Amino acid sequence: MRKLGILAVLGILASSVFAAGTGISGLSQVSSAMSSLCQGLTQMLPVAGMLMIILAGVIYAAGQMMGAETRARANVWATACLTGALIAILIAVVAPSVLQSIYGTNGTIAC
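Owing to the predicted nature of the structure, the values given are computational and were not obtained by experimental measurement.

(A) Looking closely at the overall build of the protein chain. Helix and strand counts for the protein chain stand at 3 helices and 0 strands. When burial is assessed residue by residue, the protein chain has 18% of its 111 residues classed as buried. Working note: accessible area of the protein chain is about 7800 Å², and carbon and sulfur atoms make up 75% of it.

And the structure:
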């Protein structure tokens, strides 16, 4: 019963989004949303990536002072942080060009 209620709410939200996104004004709203998404990605993700690199170093250093099991876990956590930082930086670098290629270079998406 709960799944049916969640599905109904999602259906109502989806229909209101599609109803609001029709016409020329809806197209400009989508363009504006994509532009703000692109700007948000290019501003936030490099900062998050650098913080994750710092966090990886702190976790690795703290793990070296612990026992063998904790040291092994800290190495895994530090590696996961570095992987997340790499993915964040790659997304920040690649996302503007991907969005411009999808929506064209006629100025609709300005990062």
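Moving on from the model shown.
(B) Quick peek at the confidence of the model for the protein chain. Of all residues in the protein chain, 69% have pLDDT values of 70 or greater, and the mean over the chain is 79. Mean pLDDT in the protein chain bottoms out at helix α1 (residues 2–20), which sits at 61, and peaks at helix α3 (residues 68–103), which reaches 88.

(C) Highlighting the pattern of salt bridges. Per the stated rule, a full pass over the model turns up 1 salt bridge. Two residues, E69 and R73, come together in a salt bridge whose shortest N-O distance is 3.4 Å. Of this pair, E69 and R73 both sit in helix α3, 4 residues apart, which is roughly one turn of the helix.

(D) Main features of the environment of S31. Tracing the sequence through the fold places S31 in helix α2 (residues 23–64). A C-alpha to C-alpha distance of 8.5 Å links S31 and Y103, two positions 72 residues apart in sequence.

(E) Structural view of the environment of I54. Within the secondary structure layout, I54 lies in helix α2. Along the sequence, I54 and L82 sit 28 residues apart, while their C-alpha atoms lie 9.1 Å from each other.

(F) Broad picture of a nonpolar patch on the surface. A cluster of nonpolar side chains, V30, M50, I53, L82, I89, V93, V94, V98, I102 and Y103, forms an exposed patch at the surface whose accessible area comes to about 830 Å². Every element with two or more residues in the nonpolar patch is listed here: α2 and α3. When you line up the elements, V94 lands in helix α3. A relative accessible area of 40% places V94 in the partly exposed class.

(G) Up close: the environment of L41. With respect to the helices, strands and loops of the structure, L41 is situated in helix α2. Linking L41 and A95, residues 54 residues apart in sequence, is a C-alpha distance of 7.7 Å. Each residue touching L41, except ones within four places of it in the same chain, is listed here: P46, I91, A92 and A95.

About the criteria used
- Residues numbered from 1 in each chain as written.
- Predicted model: local features only at pLDDT ≥ 70, side-chain atom pairs only at ≥ 80, totals over all residues.
- Heavy atoms only, no water.
- Helix = DSSP H or I, 4+ residues; strand = E, 2+ residues; numbered from the N terminus.
- Buried < 20%, exposed > 50% of the residue type's maximum accessible area, 1.4 Å probe, protein only.
- Areas by Shrake-Rupley, 256 points an atom, 1.4 Å probe, with all protein chains shown as cover.
- pLDDT = per-residue confidence, 0-100.
- Salt bridge = Lys/Arg side-chain N within 4 Å of Asp/Glu carboxyl O.
- Patch = residues over 30% accessible without salt bridge, like charges linked within 9 Å, V, L, I, M, F, W, Y side chains within 5 Å.
- Contact = heavy atoms within 4.5 Å.

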